[in-house]
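What follows is each chain in one-letter form.
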Amino acid sequence: MFKKLFSLLTFFLILFQLNLQSQTKWKSKKDKIVIPFELTHNLIIINVEINGVKLNMLLDTGSDKNLLFSFPESDSIMFYETRKVKINGLGNGESLVAYASNNNIIKIKEYVDEEFQILLITDRNINLVNKLGVPINGIVGASFFKDFLVEINYQKRKLFLYKDTQKILLKNRYIEKLVEIEDDKPYINVMSKTKNDLDVNYKLLIDTGLGDGLWLFENDTIKCQNKYIDDILGRGLGGDIKGKKSRIEFLNLNGFVLKEALVSYPDTTSFNQLDITKGRNGSLGGEIMKRFNWFLDYKGKKFYFKKNKLFDEPFNYNMSGIEVQHTGLTWVSEKIGFANSSNYGANLNNNSNKSFIFDNAAEFKYKFELKPVFEIYAIRENSPAEIAGLKVGDIIHSINGKKAYDYSIQKISDLFQSEEGRIIKIEVQRNGVIMEFKIKLQKIL
(Lines give C-alpha, C1' and ligand atoms only; values in the text may rest on other atoms or scores of the structure.)
Protein backbone atom coordinates (compact mmCIF):
# COMPACT_ATOMS: atom_id res chain seq x y z
CA MET A 1 0.00 0.00 0.00
CA PHE A 2 2.85 2.37 0.94
CA LYS A 3 4.68 1.59 -2.33
CA LYS A 4 1.51 2.25 -4.34
CA LEU A 5 0.96 5.58 -2.57
CA PHE A 6 4.61 6.54 -3.07
CA SER A 7 4.41 5.72 -6.81
CA LEU A 8 1.23 7.77 -7.16
CA LEU A 9 2.80 10.77 -5.40
CA THR A 10 5.91 10.46 -7.58
CA PHE A 11 3.72 10.42 -10.70
CA PHE A 12 1.88 13.60 -9.69
CA LEU A 13 5.16 15.30 -8.75
CA ILE A 14 6.62 14.57 -12.19
CA LEU A 15 3.39 15.73 -13.84
CA PHE A 16 3.50 18.97 -11.81
CA GLN A 17 7.14 19.59 -12.76
CA LEU A 18 6.42 19.02 -16.46
CA ASN A 19 3.44 21.37 -16.34
CA LEU A 20 5.49 24.02 -14.50
CA GLN A 21 8.27 23.70 -17.09
CA SER A 22 5.82 24.14 -19.98
CA GLN A 23 4.29 27.22 -18.33
CA THR A 24 7.71 28.89 -18.13
CA LYS A 25 7.97 28.63 -21.93
CA TRP A 26 4.72 30.55 -22.44
CA LYS A 27 5.45 34.29 -22.39
CA SER A 28 2.22 35.46 -23.99
CA LYS A 29 -0.71 36.97 -22.05
CA LYS A 30 -3.05 35.28 -24.52
CA ASP A 31 -4.03 31.62 -24.85
CA LYS A 32 -2.67 31.46 -28.40
CA ILE A 33 0.73 32.20 -29.97
CA VAL A 34 0.79 32.89 -33.73
CA ILE A 35 3.97 32.10 -35.67
CA PRO A 36 4.12 32.90 -39.42
CA PHE A 37 6.23 30.61 -41.60
CA GLU A 38 7.61 30.46 -45.11
CA LEU A 39 6.81 27.37 -47.16
CA THR A 40 9.51 26.50 -49.68
CA HIS A 41 9.94 23.09 -51.34
CA ASN A 42 7.13 21.94 -48.99
CA LEU A 43 9.31 22.74 -45.95
CA ILE A 44 8.34 24.98 -43.01
CA ILE A 45 10.87 27.76 -42.33
CA ILE A 46 10.43 29.89 -39.19
CA ASN A 47 12.26 32.92 -37.76
CA VAL A 48 13.83 32.25 -34.37
CA GLU A 49 16.27 33.90 -32.02
CA ILE A 50 18.93 31.81 -30.28
CA ASN A 51 21.01 33.47 -27.57
CA GLY A 52 20.09 36.85 -29.03
CA VAL A 53 20.93 36.07 -32.68
CA LYS A 54 18.21 35.94 -35.35
CA LEU A 55 18.18 32.78 -37.48
CA ASN A 56 16.05 30.91 -40.04
CA MET A 57 15.27 27.37 -38.94
CA LEU A 58 13.53 24.37 -40.48
CA LEU A 59 10.71 23.02 -38.31
CA ASP A 60 11.11 19.25 -38.35
CA THR A 61 8.87 16.68 -36.62
CA GLY A 62 11.22 13.99 -37.95
CA SER A 63 14.18 15.15 -35.88
CA ASP A 64 14.55 14.27 -32.22
CA LYS A 65 17.39 16.81 -31.98
CA ASN A 66 17.78 20.54 -32.54
CA LEU A 67 20.63 21.31 -34.94
CA LEU A 68 22.58 24.39 -35.99
CA PHE A 69 24.86 24.07 -39.03
CA SER A 70 25.37 27.61 -40.35
CA PHE A 71 25.71 31.06 -38.86
CA PRO A 72 25.07 34.60 -40.11
CA GLU A 73 28.45 35.95 -41.23
CA SER A 74 27.93 39.24 -39.40
CA ASP A 75 27.10 37.64 -36.03
CA SER A 76 28.73 35.43 -33.45
CA ILE A 77 26.77 33.26 -31.04
CA MET A 78 27.69 32.31 -27.49
CA PHE A 79 26.92 28.71 -26.49
CA TYR A 80 27.09 27.01 -23.12
CA GLU A 81 28.08 23.63 -21.64
CA THR A 82 29.43 22.19 -24.90
CA ARG A 83 30.80 18.69 -25.39
CA LYS A 84 32.01 16.96 -28.55
CA VAL A 85 29.82 14.17 -30.04
CA LYS A 86 29.46 12.29 -33.34
CA ILE A 87 26.21 12.12 -35.30
CA ASN A 88 24.99 10.37 -38.44
CA GLY A 89 22.97 12.20 -41.04
CA LEU A 90 20.79 11.20 -43.96
CA GLY A 91 22.92 11.05 -47.09
CA ASN A 92 25.92 9.13 -48.37
CA GLY A 93 28.51 10.95 -46.29
CA GLU A 94 30.33 9.84 -43.15
CA SER A 95 29.40 10.66 -39.57
CA LEU A 96 29.87 14.29 -38.51
CA VAL A 97 31.52 15.89 -35.50
CA ALA A 98 29.18 18.12 -33.51
CA TYR A 99 29.10 19.96 -30.19
CA ALA A 100 26.19 19.37 -27.83
CA SER A 101 25.21 22.52 -25.95
CA ASN A 102 22.70 22.92 -23.09
CA ASN A 103 20.84 25.78 -21.41
CA ASN A 104 20.55 28.04 -24.44
CA ILE A 105 17.66 30.47 -24.95
CA ILE A 106 15.44 30.18 -28.02
CA LYS A 107 12.67 32.68 -28.73
CA ILE A 108 9.94 32.05 -31.31
CA LYS A 109 7.49 34.92 -30.91
CA GLU A 110 6.17 34.56 -27.32
CA TYR A 111 7.44 30.98 -27.00
CA VAL A 112 10.70 31.00 -25.00
CA ASP A 113 12.72 27.96 -23.98
CA GLU A 114 15.58 28.85 -21.61
CA GLU A 115 16.86 25.27 -21.44
CA PHE A 116 17.17 24.74 -25.17
CA GLN A 117 19.50 21.89 -26.14
CA ILE A 118 21.20 22.06 -29.51
CA LEU A 119 23.84 20.27 -31.58
CA LEU A 120 26.34 22.57 -33.31
CA ILE A 121 27.69 21.14 -36.56
CA THR A 122 30.86 22.91 -37.65
CA ASP A 123 31.27 21.30 -41.08
CA ARG A 124 31.24 24.31 -43.43
CA ASN A 125 30.17 22.14 -46.40
CA ILE A 126 26.66 21.87 -44.96
CA ASN A 127 24.57 24.76 -46.23
CA LEU A 128 20.99 24.15 -47.29
CA VAL A 129 20.78 27.64 -48.81
CA ASN A 130 22.44 26.15 -51.91
CA LYS A 131 19.60 23.75 -52.56
CA LEU A 132 16.64 25.77 -51.27
CA GLY A 133 17.69 29.25 -52.32
CA VAL A 134 16.87 30.68 -48.88
CA PRO A 135 19.24 30.72 -45.88
CA ILE A 136 18.59 27.87 -43.46
CA ASN A 137 20.70 27.94 -40.31
CA GLY A 138 19.45 24.79 -38.65
CA ILE A 139 16.60 22.59 -37.46
CA VAL A 140 14.10 22.94 -34.62
CA GLY A 141 12.99 19.45 -33.72
CA ALA A 142 10.94 17.52 -31.17
CA SER A 143 11.33 19.84 -28.17
CA PHE A 144 9.10 22.45 -29.84
CA PHE A 145 6.10 20.08 -30.06
CA LYS A 146 6.13 18.45 -26.62
CA ASP A 147 4.43 20.94 -24.32
CA PHE A 148 1.57 22.56 -26.24
CA LEU A 149 -1.01 21.80 -28.87
CA VAL A 150 0.52 22.82 -32.23
CA GLU A 151 -1.61 23.74 -35.23
CA ILE A 152 0.03 23.73 -38.67
CA ASN A 153 -2.13 25.69 -41.09
CA TYR A 154 -0.56 25.26 -44.51
CA GLN A 155 -3.15 27.49 -46.21
CA LYS A 156 -2.48 30.50 -43.98
CA ARG A 157 1.26 29.74 -43.69
CA LYS A 158 0.97 30.02 -39.92
CA LEU A 159 1.65 27.94 -36.82
CA PHE A 160 -0.55 28.30 -33.74
CA LEU A 161 0.39 27.21 -30.23
CA TYR A 162 -2.49 26.69 -27.77
CA LYS A 163 -2.47 26.54 -23.99
CA ASP A 164 -5.86 24.84 -23.62
CA THR A 165 -5.75 21.69 -25.74
CA GLN A 166 -9.25 20.31 -25.11
CA LYS A 167 -11.04 23.65 -25.45
CA ILE A 168 -9.58 24.20 -28.92
CA LEU A 169 -10.09 20.64 -30.16
CA LEU A 170 -13.76 20.60 -29.17
CA LYS A 171 -14.36 23.62 -31.40
CA ASN A 172 -12.82 22.03 -34.49
CA ARG A 173 -14.21 19.11 -36.46
CA TYR A 174 -11.08 17.30 -37.52
CA ILE A 175 -10.35 13.63 -38.19
CA GLU A 176 -8.68 12.06 -35.17
CA LYS A 177 -5.63 9.84 -35.71
CA LEU A 178 -3.78 7.89 -33.03
CA VAL A 179 -0.01 8.27 -33.21
CA GLU A 180 2.90 6.48 -31.59
CA ILE A 181 5.55 8.74 -30.07
CA GLU A 182 8.88 6.91 -30.09
CA ASP A 183 12.12 8.72 -29.23
CA ASP A 184 10.13 11.97 -29.41
CA LYS A 185 9.10 11.32 -33.04
CA PRO A 186 5.52 10.65 -34.27
CA TYR A 187 4.46 7.59 -36.29
CA ILE A 188 1.13 6.75 -37.93
CA ASN A 189 -0.27 3.79 -39.84
CA VAL A 190 -1.40 4.49 -43.41
CA MET A 191 -3.03 2.15 -45.92
CA SER A 192 -1.89 1.92 -49.54
CA LYS A 193 -2.55 -0.24 -52.58
CA THR A 194 0.06 -1.81 -54.85
CA LYS A 195 -0.16 -2.41 -58.60
CA ASN A 196 -1.01 -6.03 -57.78
CA ASP A 197 -4.18 -4.74 -56.10
CA LEU A 198 -2.95 -5.70 -52.65
CA ASP A 199 -3.78 -3.55 -49.61
CA VAL A 200 -0.73 -2.76 -47.50
CA ASN A 201 -0.40 -0.93 -44.19
CA TYR A 202 2.69 1.17 -43.63
CA LYS A 203 4.11 2.57 -40.41
CA LEU A 204 5.31 6.04 -41.39
CA LEU A 205 7.27 8.73 -39.61
CA ILE A 206 5.41 12.06 -39.83
CA ASP A 207 8.25 14.22 -41.12
CA THR A 208 7.73 17.93 -41.83
CA GLY A 209 11.46 18.09 -42.61
CA LEU A 210 10.94 15.98 -45.75
CA GLY A 211 9.94 17.85 -48.91
CA ASP A 212 8.74 14.74 -50.73
CA GLY A 213 5.31 13.33 -49.95
CA LEU A 214 6.12 9.68 -49.34
CA TRP A 215 9.30 7.67 -48.77
CA LEU A 216 9.30 3.89 -48.51
CA PHE A 217 12.21 1.64 -47.55
CA GLU A 218 12.64 -1.29 -49.89
CA ASN A 219 12.86 -4.76 -48.34
CA ASP A 220 11.56 -8.28 -49.00
CA THR A 221 7.93 -7.10 -49.02
CA ILE A 222 8.23 -3.44 -50.15
CA LYS A 223 9.42 -3.17 -53.74
CA CYS A 224 9.57 -0.28 -56.17
CA GLN A 225 7.26 -0.60 -59.18
CA ASN A 226 8.73 -1.45 -62.58
CA LYS A 227 8.19 2.11 -63.81
CA TYR A 228 10.59 4.49 -62.05
CA ILE A 229 13.40 6.97 -62.56
CA ASP A 230 16.72 7.16 -60.75
CA ASP A 231 16.91 10.56 -59.11
CA ILE A 232 18.47 12.72 -56.44
CA LEU A 233 15.77 12.74 -53.78
CA GLY A 234 17.21 15.49 -51.62
CA ARG A 235 20.13 16.55 -49.51
CA GLY A 236 20.81 15.50 -45.93
CA LEU A 237 23.54 16.37 -43.45
CA GLY A 238 25.63 13.56 -44.91
CA GLY A 239 25.26 14.65 -48.54
CA ASP A 240 22.97 13.96 -51.48
CA ILE A 241 20.31 11.27 -51.07
CA LYS A 242 19.84 9.16 -54.17
CA GLY A 243 17.11 6.67 -54.97
CA LYS A 244 14.17 5.75 -57.16
CA LYS A 245 11.07 7.83 -57.82
CA SER A 246 7.80 6.18 -58.84
CA ARG A 247 4.04 6.37 -58.20
CA ILE A 248 1.77 4.48 -55.87
CA GLU A 249 -1.79 3.38 -56.76
CA PHE A 250 -3.33 5.28 -53.87
CA LEU A 251 -2.70 6.34 -50.31
CA ASN A 252 -5.61 6.24 -47.87
CA LEU A 253 -5.38 8.55 -44.88
CA ASN A 254 -8.52 7.81 -42.85
CA GLY A 255 -10.79 7.98 -45.89
CA PHE A 256 -8.91 10.73 -47.72
CA VAL A 257 -7.65 9.00 -50.86
CA LEU A 258 -4.63 10.38 -52.71
CA LYS A 259 -4.38 8.74 -56.13
CA GLU A 260 -1.16 8.29 -58.12
CA ALA A 261 0.90 9.93 -55.40
CA LEU A 262 4.64 10.13 -56.00
CA VAL A 263 6.73 7.79 -53.89
CA SER A 264 10.51 7.71 -53.43
CA TYR A 265 12.65 4.75 -52.45
CA PRO A 266 15.98 5.99 -51.00
CA ASP A 267 19.09 3.88 -51.55
CA THR A 268 19.95 1.76 -48.54
CA THR A 269 23.28 3.61 -48.26
CA SER A 270 21.29 6.77 -47.51
CA PHE A 271 19.78 5.44 -44.31
CA ASN A 272 21.62 2.30 -43.23
CA GLN A 273 23.66 4.29 -40.68
CA LEU A 274 20.54 5.58 -38.98
CA ASP A 275 18.81 4.00 -36.06
CA ILE A 276 15.59 3.10 -37.88
CA THR A 277 12.71 2.47 -35.48
CA LYS A 278 11.52 -1.14 -35.52
CA GLY A 279 8.62 -1.67 -37.88
CA ARG A 280 9.02 1.66 -39.64
CA ASN A 281 8.40 1.47 -43.39
CA GLY A 282 9.14 5.05 -44.43
CA SER A 283 8.11 8.68 -44.01
CA LEU A 284 5.14 10.93 -44.71
CA GLY A 285 6.47 14.33 -45.81
CA GLY A 286 5.54 17.85 -46.81
CA GLU A 287 4.19 17.18 -50.32
CA ILE A 288 1.34 15.20 -48.73
CA MET A 289 1.13 16.95 -45.36
CA LYS A 290 0.58 20.38 -46.97
CA ARG A 291 -2.73 19.08 -48.42
CA PHE A 292 -4.14 19.03 -44.87
CA ASN A 293 -4.24 21.36 -41.89
CA TRP A 294 -3.08 19.69 -38.68
CA PHE A 295 -3.38 19.77 -34.91
CA LEU A 296 -0.49 17.92 -33.23
CA ASP A 297 -1.17 16.76 -29.68
CA TYR A 298 1.99 15.00 -28.51
CA LYS A 299 0.82 14.67 -24.91
CA GLY A 300 -2.45 13.01 -25.93
CA LYS A 301 -0.69 10.98 -28.65
CA LYS A 302 -3.30 12.07 -31.17
CA PHE A 303 -3.13 14.12 -34.34
CA TYR A 304 -6.14 15.83 -35.93
CA PHE A 305 -6.39 16.82 -39.57
CA LYS A 306 -8.71 17.89 -42.38
CA LYS A 307 -8.05 18.51 -46.05
CA ASN A 308 -7.52 22.03 -47.35
CA LYS A 309 -7.57 23.77 -50.74
CA LEU A 310 -4.23 22.19 -51.68
CA PHE A 311 -5.65 18.66 -51.49
CA ASP A 312 -6.41 18.28 -55.22
CA GLU A 313 -3.10 19.66 -56.49
CA PRO A 314 -1.44 17.19 -58.91
CA PHE A 315 1.65 15.29 -57.82
CA ASN A 316 4.23 16.80 -60.15
CA TYR A 317 7.95 16.23 -60.39
CA ASN A 318 10.94 17.72 -62.19
CA MET A 319 10.53 16.72 -65.85
CA SER A 320 13.69 18.51 -67.04
CA GLY A 321 16.22 16.37 -65.18
CA ILE A 322 18.07 19.47 -63.94
CA GLU A 323 18.91 20.04 -60.29
CA VAL A 324 19.76 23.66 -59.55
CA GLN A 325 21.56 25.19 -56.60
CA HIS A 326 22.42 28.68 -55.43
CA THR A 327 26.15 29.24 -55.89
CA GLY A 328 26.78 32.83 -54.80
CA LEU A 329 25.90 36.43 -55.65
CA THR A 330 26.85 38.84 -58.42
CA TRP A 331 26.50 42.59 -58.93
CA VAL A 332 23.93 43.56 -61.56
CA SER A 333 23.64 47.14 -62.89
CA GLU A 334 20.55 48.90 -64.20
CA LYS A 335 20.39 52.37 -65.79
CA ILE A 336 17.52 54.20 -64.09
CA GLY A 337 17.73 57.75 -65.56
CA PHE A 338 19.67 60.98 -65.44
CA ALA A 339 21.49 62.02 -62.31
CA ASN A 340 20.77 65.36 -60.68
CA SER A 341 24.44 66.09 -60.32
CA SER A 342 27.30 65.92 -62.80
CA ASN A 343 29.75 64.89 -60.08
CA TYR A 344 30.92 61.33 -60.06
CA GLY A 345 30.05 59.61 -56.80
CA ALA A 346 28.57 56.63 -55.02
CA ASN A 347 26.14 55.99 -52.22
CA LEU A 348 27.11 52.77 -50.48
CA ASN A 349 25.41 51.24 -47.47
CA ASN A 350 27.01 48.26 -45.77
CA ASN A 351 23.61 47.06 -44.59
CA SER A 352 22.13 46.99 -48.09
CA ASN A 353 22.71 45.04 -51.28
CA LYS A 354 22.21 48.19 -53.36
CA SER A 355 24.43 51.11 -54.41
CA PHE A 356 24.11 54.03 -56.82
CA ILE A 357 26.95 55.23 -59.08
CA PHE A 358 26.87 58.28 -61.36
CA ASP A 359 28.52 58.45 -64.77
CA ASN A 360 30.14 61.92 -65.02
CA ALA A 361 30.26 62.03 -68.82
CA ALA A 362 26.69 60.99 -69.60
CA GLU A 363 25.16 61.93 -66.24
CA PHE A 364 23.28 58.66 -66.02
CA LYS A 365 22.36 57.10 -62.70
CA TYR A 366 22.86 53.35 -62.30
CA LYS A 367 21.44 51.04 -59.69
CA PHE A 368 23.62 48.10 -58.63
CA GLU A 369 22.09 45.13 -56.83
CA LEU A 370 23.42 41.82 -55.57
CA LYS A 371 21.58 39.01 -57.38
CA PRO A 372 21.73 35.23 -56.97
CA VAL A 373 23.78 32.98 -59.24
CA PHE A 374 22.32 29.56 -60.07
CA GLU A 375 24.34 26.52 -61.09
CA ILE A 376 23.39 23.08 -62.40
CA TYR A 377 24.71 20.70 -59.74
CA ALA A 378 23.16 17.45 -61.01
CA ILE A 379 21.53 16.08 -64.17
CA ARG A 380 19.36 12.98 -64.25
CA GLU A 381 20.56 10.26 -66.61
CA ASN A 382 18.66 10.05 -69.94
CA SER A 383 16.66 13.16 -69.05
CA PRO A 384 15.75 15.93 -71.52
CA ALA A 385 18.54 18.06 -70.03
CA GLU A 386 21.21 15.40 -70.60
CA ILE A 387 19.97 14.70 -74.14
CA ALA A 388 20.06 18.44 -74.93
CA GLY A 389 23.72 18.65 -73.85
CA LEU A 390 23.53 20.55 -70.57
CA LYS A 391 26.28 19.72 -68.08
CA VAL A 392 26.93 19.79 -64.36
CA GLY A 393 28.65 23.06 -63.48
CA ASP A 394 26.86 25.15 -66.12
CA ILE A 395 25.89 28.58 -64.76
CA ILE A 396 22.33 29.46 -65.74
CA HIS A 397 22.24 32.82 -67.56
CA SER A 398 18.58 32.99 -68.58
CA ILE A 399 15.42 30.88 -68.80
CA ASN A 400 12.86 31.58 -71.52
CA GLY A 401 14.47 34.96 -72.17
CA LYS A 402 14.27 36.05 -68.53
CA LYS A 403 17.47 36.56 -66.56
CA ALA A 404 18.13 33.70 -64.16
CA TYR A 405 18.58 36.08 -61.20
CA ASP A 406 14.97 37.22 -61.57
CA TYR A 407 13.89 33.70 -60.57
CA SER A 408 14.03 31.94 -57.22
CA ILE A 409 14.94 28.26 -56.96
CA GLN A 410 11.30 27.58 -56.05
CA LYS A 411 10.09 29.32 -59.24
CA ILE A 412 12.62 27.42 -61.35
CA SER A 413 11.45 24.18 -59.74
CA ASP A 414 7.80 25.07 -60.44
CA LEU A 415 8.67 25.78 -64.10
CA PHE A 416 10.38 22.39 -64.53
CA GLN A 417 7.27 20.68 -63.10
CA SER A 418 4.75 22.74 -65.05
CA GLU A 419 3.54 20.99 -68.22
CA GLU A 420 4.54 17.95 -70.24
CA GLY A 421 5.75 18.91 -73.73
CA ARG A 422 6.59 22.47 -72.75
CA ILE A 423 9.71 23.87 -74.43
CA ILE A 424 12.19 25.53 -72.06
CA LYS A 425 14.94 27.73 -73.51
CA ILE A 426 17.99 27.89 -71.29
CA GLU A 427 21.12 29.97 -71.75
CA VAL A 428 24.11 28.89 -69.70
CA GLN A 429 27.64 30.10 -69.22
CA ARG A 430 30.25 27.39 -69.71
CA ASN A 431 33.96 28.21 -69.59
CA GLY A 432 33.16 31.88 -70.12
CA VAL A 433 31.00 31.24 -73.21
CA ILE A 434 27.21 31.77 -73.35
CA MET A 435 25.48 28.73 -74.88
CA GLU A 436 21.78 28.20 -75.67
CA PHE A 437 19.83 24.97 -75.26
CA LYS A 438 16.23 23.87 -75.67
CA ILE A 439 14.68 21.13 -73.59
CA LYS A 440 11.24 19.59 -73.90
CA LEU A 441 9.67 18.57 -70.59
CA GLN A 442 8.98 14.85 -70.67
CA LYS A 443 6.70 12.98 -68.30
CA ILE A 444 7.96 9.46 -67.65
CA LEU A 445 5.96 8.59 -64.52
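All figures in this text were calculated on a predicted structure; none of them were measured in a lab.

### Describing the pairing of strand β11 (residues 158-162)
Right, so step 1: Counting buried positions along β11 gives four out of five residues, so the element sits mostly inside the fold.
Right, so step 2: Alignment of strand β1 (residues 32-36) against β11, held across five bridges, turns out to be antiparallel. Paired with I35 across the two strands is L159, which belongs to β11.
Right, so step 3: Alignment of strand β10 (residues 149-153) against β11, held across five bridges, turns out to be antiparallel.

### Let's talk about the packing of aromatic side chains
Right, so step 1: Within the structure shown, the criterion is met by 17 aromatic pairs.
Right, so step 2: Seen from their ring centres, F292 and F305 are 5.5 Å apart, and the 90° between their planes marks the pair as edge-to-face. On the criterion of sequence distance, the pair formed by F292 in strand β21 (residues 292-297) and F305 in strand β22 (residues 302-307) is long-range, its members being 13 residues apart.
Right, so step 3: Relative to F311, the ring of F292 lies with its centre 5.6 Å away and its plane at 80°, an arrangement referred to as edge-to-face. In this pair, F292 is assigned in strand β21 and F311 in the loop between β22 and β23 (322-338), connecting sequence segments 19 residues apart.
Right, so step 4: A residue is classified by how much of its surface remains accessible, and F292, at 0% relative accessible area, is buried.
Right, so step 5: One aromatic cluster in this structure is built from W26, Y111, F144, F145, F148, Y298 and F303.
Right, so step 6: A cation sits over an aromatic face here: K402 above Y407, 4.8 Å from the ring centre.

### Points about a positive patch on the surface
Right, so step 1: Taken together, the side chains of K30, K32, K156 and K158 define a basic patch exposed on the protein surface.
Right, so step 2: Along the chain, K30 falls in the loop between α1 (2-25) and β1.

### Let's talk about the pattern of salt bridges
Right, so step 1: Scanning all chains against the criterion turns up 13 salt bridges.
Right, so step 2: Residue R291 pairs with E287 through a salt bridge whose shortest N-O separation is 2.5 Å.
Right, so step 3: For R291, a relative accessible area of 0% gives the class buried.
Right, so step 4: Bridged by salt links that share partners, the residues E287, K290, R291 and E313 form one connected network.

### Let's talk about the sheet that holds β21
Right, so step 1: Read from one edge to the other, the open sheet built from six strands follows the order β1-β11-β10-β21-β22-β12, with strand pairing classed as antiparallel. Each end of this open sheet is capped by a strand with a single partner; those strands are β1 and β12 (175-178). Ignoring strand direction, the axes of neighbouring strands in this sheet form an average angle of 20°.
Right, so step 2: Where β10 meets β21, three bridges bridge the pair, whose relative direction is antiparallel. The residue of β21 that forms the bridge with I152 is W294.

### A few points about the nonpolar core
Right, so step 1: Membership of the largest hydrophobic core comes to 87 residues, with the highest contact counts inside it found for F144, W294 and L390.
Right, so step 2: If one sorts the elements of this core by residue count, strand β19 (residues 256-266) sits on top with six residues.
Right, so step 3: Ignoring anything within four residues of it in the chain, the contact list for L390 reads I322, I376, I379, A385, I426, V428, R430, F437 and I439.
Right, so step 4: Formed by 15 residues, the second largest nonpolar core is a distinct cluster that contains L58, L96, L119 and L132.

### Observations regarding the pairing of strand β7 (residues 96-108)
Right, so step 1: Where strand β3 (residues 43-50) meets β7, two bridges bridge the pair, whose relative direction is antiparallel. From the neighbouring strand, E49 faces β7, where its bridge partner is K107.
Right, so step 2: Across five bridges, the pairing between strand β6 (residues 83-87) and β7 is antiparallel. Note on β7: the bridge partner recorded for K86 is V97.
Right, so step 3: Taking the residues that link successive antiparallel strands as the turn, the β7-strand β8 (residues 111-121) hairpin has two residues, and the phi of K109 there is positive, at about 55°.

### Here we look at helix α6 (residues 409-416)
Right, so step 1: All of the buried residues in α6 are I409, I412, S413, L415 and F416. Along α6, the residues classed as buried sweep out an arc of 160° about the axis, all on the same side.

### Overview of the environment of V200
Right, so step 1: Relative to the helices and strands, V200 is located in strand β15 (residues 199-206).
Right, so step 2: For the pair V200 and V190, spaced 10 residues apart in sequence, the C-alpha to C-alpha distance is 8.3 Å.

### Considerations on the environment of L55
Right, so step 1: Counting through the fold element by element, L55 comes out in strand β4 (residues 53-59).
Right, so step 2: Here the alpha-carbon distance between L55 and P135, two residues 80 residues apart in the chain, equals 8.7 Å.
Right, so step 3: Contact partners of L55, with chain neighbours within four places excluded, come to I46, N47, V48, I50, L68, P72, I77 and N137.

Scoring rules and cut-offs
Residues numbered from 1 in each chain as written. Predicted model: local features only at pLDDT ≥ 70, side-chain atom pairs only at ≥ 80, totals over all residues. Heavy atoms only, no water. Buried < 20%, exposed > 50% of the residue type's maximum accessible area, 1.4 Å probe, protein only. Helix = DSSP H or I, 4+ residues; strand = E, 2+ residues; numbered from the N terminus. Pairing = 2+ DSSP bridges. Phe/Tyr/Trp six-rings, centres within 6.5 Å; stacked < 30°, edge-to-face > 60°. Lys NZ or Arg CZ within 6 Å of the ring centre and 35° of its normal. Patch = residues over 30% accessible without salt bridge, like charges linked within 9 Å, V, L, I, M, F, W, Y side chains within 5 Å. Areas by Shrake-Rupley, 256 points an atom, 1.4 Å probe, with all protein chains shown as cover. Salt bridge = Lys/Arg side-chain N within 4 Å of Asp/Glu carboxyl O. Lys, Arg positive; Asp, Glu negative; His and termini not counted. Charge placed at Lys NZ, Arg CZ, Asp CG, Glu CD. Axes fitted to C-alpha atoms, helices over the stretch in contact; angles between N-to-C directions. Core = buried A, V, L, I, M, F, W, Y, C linked by side-chain atoms within 4.5 Å. Contact = heavy atoms within 4.5 Å. Arc of directions from axis to C-beta.

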